[in-house]
Amino acid sequence: MISDTIFALATPPGRGAIAILRLSGPGVDAALTALGAGGLKARMASLRALTHDNQTLDQALVLRFPGPASYTGEDCAELHLHGGRAVVEAVAGALTVLGLRPAEPGEFTRRAFEHGRMDLAQAEAVADLIDAETASQRAQALGQLEGALSRTYARFRADLLKALALVEAEIDFPDEDVPDHLARLAGPVLDGLIADLRQALADAARGERVRSGYRIVLVGETNAGKSSLFNALVAREAAIVTPVAGTTRDVLDAELIIGGYAVTLSDTAGLRLSEDVVEVEGVRRARARAGAAELRLWVRAPGDGPGEAATLIQPGDLTVLTKADLGPVAEEGADTVVVSTVTGAGLADLHARIASRLMADLAGTDFPAVTRERHRRRLVEALAAVEAGRAALDHGPEMAGDDLRRAATALGRVTGAIGVEDILGEVFSTFCIGK
């Protein structure tokens, strides 16, 4: 309940130099006073001896942040404790006795949203920023936290509400002194909005790929050198390599960073016809993973023909000719790289080619309108409703109005402007406890 006063550890659990406990809610000042840290100046660190039941718990730096100018919009405080487990447990136990309760995952940020300190898209950005492991993920999360995504949806919604106002004027005031066929003026506005929404959906994968990782899959025949290349790219012995054809039976994934972008690299079973039930399943999984990837590396050894892998390759994929240390290998085109995992020849070129592809696919001048599947679903819903409303204008403004209101609701749910209660749990359940 939002009337409760909550607390949570805002630093990783375990032994450390400093542990920070965050407090938020109407009972913060009373709790600080009970611990012997009352009368603090706002936003000024003070060294206080925290006590409870006539026992000293710790010497701590304490900061107080009165609402509404705080992270959650409520009265907040931070207790900067020594990072021993016993210290943290003692202070947490004292706070519980004083009537505070441990926070649920994401509860601090949910309270910030409910008090108007940020909208729903910005709240999601907090979680993304905490999880960011690459420069691109950090930049995207910061942009969203600063309101870039929210401004995009506000612009969409403003155009939609402009068109809806024209439609509603003709519905509500048919006999008043307004221009005839006022609703028809909404047509060009809706045409522009439809074009913007379609462009946003066409670009939808970019933001999601930056956030969750770009998928690259190695495909090829048995003994083509896929596992050796996989190990070379991830810089460790992740996959078993033997001269026996068909050693790799399942999909093996590794997370790495290339050119500042998160990448999920997958090694797969060699593609060939087989009567071995396990190998047949491995080939099926290889095909499925290749079909879902953003980029496929077709790994070919000297003497390999097109084979089964050729059926999986799509325009823009790269061909990697392996085992260059065994003799000269003739390149086959601009999308071909010759490598040797024994000598390391060509690996830097392959790395650069992949980085260039990532930059081409994921970089953009405009902030992506979609960074999560939730955003994409709402855009699809909004576009369908706007298109239906545009078509309905030819038959009457009454029919168009319902569709346009439905579109406004879909767009508003991205930032939490309206109708958000059903999605709050989905959004905040993924947060860490102290946020």
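To be clear, the structure that these remarks concern was listed above.
Peer 1: Would you mind showing me how to read helix α9 (residues 226–234) here?
Peer 2: Along an α-helix, residues three or four positions apart point the same way, because every turn accommodates 3.6 residues. Most of α9 is tucked away: seven of the nine residues are buried. Within the sequence span of α9, burial applies to Lys226, Ser227, Leu229, Phe230, Asn231, Leu233 and Val234. Those residues of α9 that are buried are in contact with β7 (214–220), β8 (252–258), β9 (261–267), β10 (295–300), β11 (318–321) and α11 (347–362). Positive phi appears at Ala235, one or two residues downstream of α9, with a value of about 60 degrees.

Peer 1: Hey, could you run me through the environment of Pro243 in this one?
Peer 2: Note on placement: Pro243 falls in the loop between α9 and β8. Note on Pro243: relative accessible area 74%, which makes it exposed. Sequence separation between Pro243 and Gly225 is 18 residues; the distance between their C-alpha atoms is 9.7 Å.

Peer 1: Where do I start with the sheet that holds strand β5 (residues 76–83) in this structure?
Peer 2: Two orientations exist for strands paired in a sheet by backbone hydrogen bonds: parallel and antiparallel. The strand order β3-β4-β5-β2-β1-β6 describes an open sheet built from six strands, whose pairing is mixed. The open sheet has two edge strands, β3 (46–52) and β6 (101–102), and neither has a second partner. Sheet analysis places β3 next to strand β4 (residues 55–65), joined by seven bridges and oriented antiparallel. Counted as the bridge partner of Leu47 is Leu61 from β4. Strand contacts of helix α2 (residues 85–97): β1 (6–9), β2 (16–24), β3, β4 and β5, with the helix running at about 150 degrees to β5, the strand carrying the most contacts. Contacts between helix α3 (residues 107–114) and the sheet are confined to β1, β2 and β6, with β1 contributing the most and set at about 135 degrees to the helix.

Peer 1: What is the right way to read the sheet that holds β7 from this model?
Peer 2: The strand order β8-β9-β7-β10-β11-β12 describes an open sheet built from six strands, whose pairing is mixed. The strands lining the two open edges of the sheet, one partner per strand, are β8 and β12 (336–338). Put simply, the sheet's adjacent strands are angled 25 degrees from each other on average, direction ignored. By the bridge criterion, four bridges tie β10 to β11 in an arrangement that is parallel. Bridging from a neighbouring strand, Arg300 pairs with Leu321 of β11.

Peer 1: Help me understand the packing of aromatic side chains, please; the structure alone is not making it clear to me.
Peer 2: Remark: the centre distance and the inter-plane angle together describe each pair of aromatic rings, the angle taken between the planes. Evaluation of the coordinates by the stated rule reveals one aromatic pair. Each ring, one from Tyr153 and one from Phe156, has its centre 5.8 Å from the other, and the planes form 75 degrees; the classification is edge-to-face. With a gap of three residues between them, Tyr153 and Phe156 both fall in helix α6 (residues 148–172), about one helical turn apart. Accessibility classification places Tyr153 together with Phe156 in one group, the buried group. Its guanidinium or amino end placed over the ring of Tyr71, Arg22 lies 4.9 Å from that ring's centre, counting from NZ or CZ. Cation over ring: Arg300 sits above Trp298, and NZ or CZ is 4.7 Å from the ring centre.

Peer 1: Can you walk me through the nonpolar core in this structure?
Peer 2: Inside soluble globular proteins, nonpolar side chains tend to come together where they are buried. Membership of the largest hydrophobic core comes to 33 residues, with the highest contact counts inside it found for Tyr153, Phe156, Leu160, Leu197, Leu379, Val386 and Leu411. Only α6, α7 (186–202), α12 (373–392) and α13 (397–415) provide two or more residues apiece to this core. With eight residues, the top contributor of residues to this core is α6. Formed by 29 residues, the second largest nonpolar core is a distinct cluster that contains Leu229, Phe230, Leu318 and Leu350.

Peer 1: Mind showing me how you'd approach the side chain of Thr415 here?
Peer 2: On the secondary structure map, Thr415 appears in helix α13. A relative accessible area of 13% means that Thr415 is categorised as buried. Residue contacts for Thr415: discarding those within four places in its chain leaves Phe113, Asp119, Leu120, Ala121, Ser150 and Tyr153.

Peer 1: Explain the pattern of salt bridges here, please?
Peer 2: Two side chains with opposite charge may pair up if their charged atoms get near one another. Taken as a whole and assessed by the stated rule, the structure comprises 27 salt bridges. The partner of Arg155 in a salt bridge is Asp196, with the nearest N and O atoms 3.5 Å apart. With Arg155 in helix α6 and Asp196 in helix α7, the pair connects residues that are 41 residues apart, well separated along the chain. Taking relative accessible area as the criterion, Arg155 reaches 42% and is therefore assigned partly exposed. Each of the salt bridges in this network shares a partner with another, and the network as a whole consists of Asp4, Glu74, Arg101, Glu107 and Arg111.

How each quantity is defined
Residues numbered from 1 in each chain as written. Predicted model: local features only at pLDDT ≥ 70, side-chain atom pairs only at ≥ 80, totals over all residues. Heavy atoms only, no water. Buried < 20%, exposed > 50% of the residue type's maximum accessible area, 1.4 Å probe, protein only. Helix = DSSP H or I, 4+ residues; strand = E, 2+ residues; numbered from the N terminus. Contact = heavy atoms within 4.5 Å. Pairing = 2+ DSSP bridges. Axes fitted to C-alpha atoms, helices over the stretch in contact; angles between N-to-C directions. Phe/Tyr/Trp six-rings, centres within 6.5 Å; stacked < 30°, edge-to-face > 60°. Lys NZ or Arg CZ within 6 Å of the ring centre and 35° of its normal. Core = buried A, V, L, I, M, F, W, Y, C linked by side-chain atoms within 4.5 Å. Salt bridge = Lys/Arg side-chain N within 4 Å of Asp/Glu carboxyl O.

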